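# Observations on the three-dimensional arrangement
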Amino acid sequence: MNTEDKVLFEKMYLEYQEVLRKIAYKYDVPPDDIEDVVQDTFVAYAYYKYDLTLPPNRKKILLTRILYSRCMDYHRRMRHVAPEEVEEESTGGTGYFAGLYCQSLPEFVVSKERCQAILEEIDKMPESWREIAVLRLIEGRPTREVCEILNISEKACYSRVSRIRKYFEDLFKKDNWP
């Protein structure tokens, strides 16, 4: 991202972050998790290099759609959380990819450096993995939709997601990981 884009992105963040927090609250995201959902929305906007010069109404619509997807993902994850997993998370669990618990990628990302490192790792993946990582793990699209987009079977999709999660699990265990 060049300097001009960074300025535009920061301006967009400052302009829309409060509105997105309110929308996330209306979608029943708990106050403690709203910041993560909103941050994930902006990470997705930057990752997919959406146009920063869009008219304000289109930019707001796009951000709202991304946020809606993140809120729905949050609720889907929380439906499948066993009480002992929540307890482990609150006492220092290992995170979504490493432990495959209820945390999402943005909840695991604690710094801009780690986020950038994760995105760089995704960019290095073979194309078949990268497509799945982007559509399923970052965008949070349903498996059926990912399968239709990539013209693959659900079994192939599940297999690739499993391999990607294992890859990140091994990567996060390394001492030199950001």
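Residues numbered from 1 in each chain as written. Predicted model: local features only at pLDDT ≥ 70, side-chain atom pairs only at ≥ 80, totals over all residues. Heavy atoms only, no water.

Packing of helix 1 (residues 3-26) against helix 2 (residues 31-47) leaves a shortest axis separation of 9 Å and a crossing angle of 140°. For the element pair helix 1 / helix 2, the angle class is oblique. For the pair helix 1 and helix 2, the sense of crossing is right-handed. The segment helix 1 lies against helix 2, with Phe-9, Met-12, Tyr-13, Tyr-16, Gln-17, Leu-20, Arg-21, Ala-24 and Tyr-25 engaging Pro-31, Ile-34, Glu-35, Val-38, Gln-39, Thr-41, Phe-42, Tyr-45 and Ala-46. (Axes fitted to C-alpha atoms, helices over the stretch in contact; angles between N-to-C directions. Helix = DSSP H or I, 4+ residues; strand = E, 2+ residues; numbered from the N terminus. Parallel < 35°, antiparallel > 145°, perpendicular 65-115°, else oblique. Left-handed = near helix turned anticlockwise from the far one by under 90°. Contact = heavy atoms within 4.5 Å.)

Right, let's talk about the nonpolar core for a bit. Ile-122, Met-125, Ile-132, Ile-164 and Phe-168 are the most contacted members of the largest nonpolar core, which totals 22 residues. Going through the elements one at a time, helix 7 (112-124), helix 8 (127-138), helix 9 (143-150) and helix 10 (154-173) are the ones with two or more residues in this core. Residues within four places of Ile-122 in sequence aside, it is in contact with Tyr-47, Arg-130, Ala-133, Val-134, Ile-138 and Phe-168. Counting 21 residues, the second largest nonpolar core, distinct from the first, contains Leu-20, Val-29, Val-38 and Cys-71. (Core = buried A, V, L, I, M, F, W, Y, C linked by side-chain atoms within 4.5 Å. Buried < 20%, exposed > 50% of the residue type's maximum accessible area, 1.4 Å probe, protein only.)

It is worth spelling out the side chain of Glu-121 at this point. Within the secondary structure, Glu-121 sits in helix 7. A polar contact of 2.4 Å, which involves the side chain of Glu-121, links it to the side chain of Tyr-167. (Polar contact = N/O pair within 3.5 Å; in protein donor to acceptor, adjacent residues only side chain to side chain.)

With that out of the way, let us pick up helix 10. The end-to-end C-alpha distance of helix 10 is 29 Å, a good match for the 28 Å that 20 residues give at a rise of 1.5 Å each. For helix 10, the set of buried residues is Cys-157, Arg-160, Val-161, Ile-164, Phe-168, Glu-169, Leu-171 and Phe-172. (Expected span 1.5 Å × (residues − 1).)

Moving on: the packing of helix 8 against helix 10. Packing of helix 8 against helix 10 brings their axes to within 10 Å, and their N-to-C directions diverge by 90°. Between helix 8 and helix 10, the angle is such that the two are roughly perpendicular. Only Cys-157, Arg-160, Val-161, Arg-163, Ile-164, Arg-165 and Tyr-167 of helix 10 make contact with helix 8, whose side of the interface consists of Ser-128, Trp-129, Ile-132, Ala-133, Arg-136 and Leu-137. Here the contact of helix 8 with helix 10 is built from residues that sort into eight nonpolar, one polar and four charged. (Nonpolar A, V, L, I, M, F, W, Y, C, P; charged D, E, K, R; others polar.)

All told, the structure shown has eight aromatic pairs when counted by the stated rule. Ring geometry for Tyr-27 versus Tyr-68: centroids 5.3 Å apart, planes at 65°, classification edge-to-face. With Tyr-27 in the loop between helix 1 and helix 2 and Tyr-68 in helix 3 (residues 56-79), the pair connects residues that are 41 residues apart, well separated along the chain. Under the relative-accessibility criterion, Tyr-27 is labelled partly exposed at 29%. Of the residues examined, Tyr-68 reaches a relative accessible area of 40% and is grouped as partly exposed. Arranged with centres 4.9 Å apart and planes meeting at 90°, the rings of Tyr-47 and Tyr-48 form a pair that is edge-to-face. Looking at Tyr-47, the relative accessible area reads 14%, which means it is buried. Taken together through their ring pairs, the aromatic side chains of Tyr-45, Tyr-47, Tyr-48 and Tyr-50 make up a single cluster. (Phe/Tyr/Trp six-rings, centres within 6.5 Å; stacked < 30°, edge-to-face > 60°.)

Attention now moves to the environment of Phe-9. By secondary structure assignment, the location of Phe-9 is in helix 1. Exposure remark for Phe-9: the relative accessible area of 17% places this residue in the buried category. Along the primary structure Phe-9 and Thr-53 are separated by 44 residues, whereas in three dimensions their C-alpha atoms are 9.5 Å apart. Dropping the residues within four chain positions of it, Phe-9 is found in contact with Met-1, Phe-42, Tyr-45, Ala-46 and Leu-52.

Confidence along the chain averages 79 in pLDDT terms, with 79% of residues attaining 70 or more. Mean pLDDT per element in the chain: helix 5 (residues 96-99) is the minimum at 37, and helix 1 is the maximum at 91. (pLDDT = per-residue confidence, 0-100.)

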